[in-house]
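Residue-level structural notes
Residues per chain, in single letters:
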Amino acid sequence: MADALAHGADVNWVRSDQEGRTPLIRAVLSDSLVACEFLLQNGASVNQVDKNGQGPLHHATLQGYTGLACLFLKRGADSNALDNDGKDALSIAIEAANADIVTLLRLVKMREADIALGQAGDETYLDIFRDFSLMASDAPEKLSRRSCDLRLSTL
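Now for a quick tour of the structure. These numbers were taken from a predicted model, which means no experiment stands behind them.

Okay, the overall build of the protein chain next. From N to C terminus, the protein chain includes nine helices and zero strands. Helices and strands in the protein chain line up, N terminus first, as α-α-α-α-α-α-α-α-α. Here the protein chain holds 155 residues, and 37% of them are scored as buried. Taking contacts inside the protein chain between residues at least 6 apart in sequence as the whole, the part at least 24 apart equals 63%. With the model as given, the accessible surface of the protein chain reaches about 8,500 Å², and the carbon-plus-sulfur share is 53%.

It is worth spelling out helix 4 (residues 56-63) at this point. Burial analysis of helix 4 places six of its eight residues in the buried class, the great majority of the element. Regarding helix 4, the residues found buried are P56, L57, H58, H59, A60 and T61. On its buried side, helix 4 packs onto helix 2 (23-29), helix 5 (66-74), helix 6 (89-95) and helix 7 (99-116). Following helix 4 by one or two positions, G64 adopts a phi angle in the positive range, close to 80 degrees.

Calculation notes
- Residues numbered from 1 in each chain as written.
- Predicted model: local features only at pLDDT ≥ 70, side-chain atom pairs only at ≥ 80, totals over all residues.
- Heavy atoms only, no water.
- Helix = DSSP H or I, 4+ residues; strand = E, 2+ residues; numbered from the N terminus.
- Buried < 20%, exposed > 50% of the residue type's maximum accessible area, 1.4 Å probe, protein only.
- Contact = heavy atoms within 4.5 Å.
- Areas by Shrake-Rupley, 256 points an atom, 1.4 Å probe, with all protein chains shown as cover.

What follows is the structure in structure tokens.
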């Protein structure tokens, strides 16, 4: 990726043959925290969507990648963005029963409400995001929850 960017590649290039997915969205689908961080540091848009209206946060939520969802929220992903089916990341997380991502998204909404009311809020928000960030970098397997894992656990 570094070589491609050094030679002028567009970090937000859209592949029309892959449902309009950007390099960042493809990195999400590969569950690569390192690739996602690299792309974001090099100007990738955290809110650019594919043909289905789904951005990186939607895809991380659909895949159950809590660490990536946390990264995108920290980098300013629009948690209220709706895909072409009218779903935001929170509704997707609730449908998938992914408690970690639901918690993160509800915290973001609480923080937004506090800011709208002119309140600074407490340190809990920052503490939780710091904990998720550390876990994502030190033990990402603890934050990866795929839909097949859910099906196996119900058998």
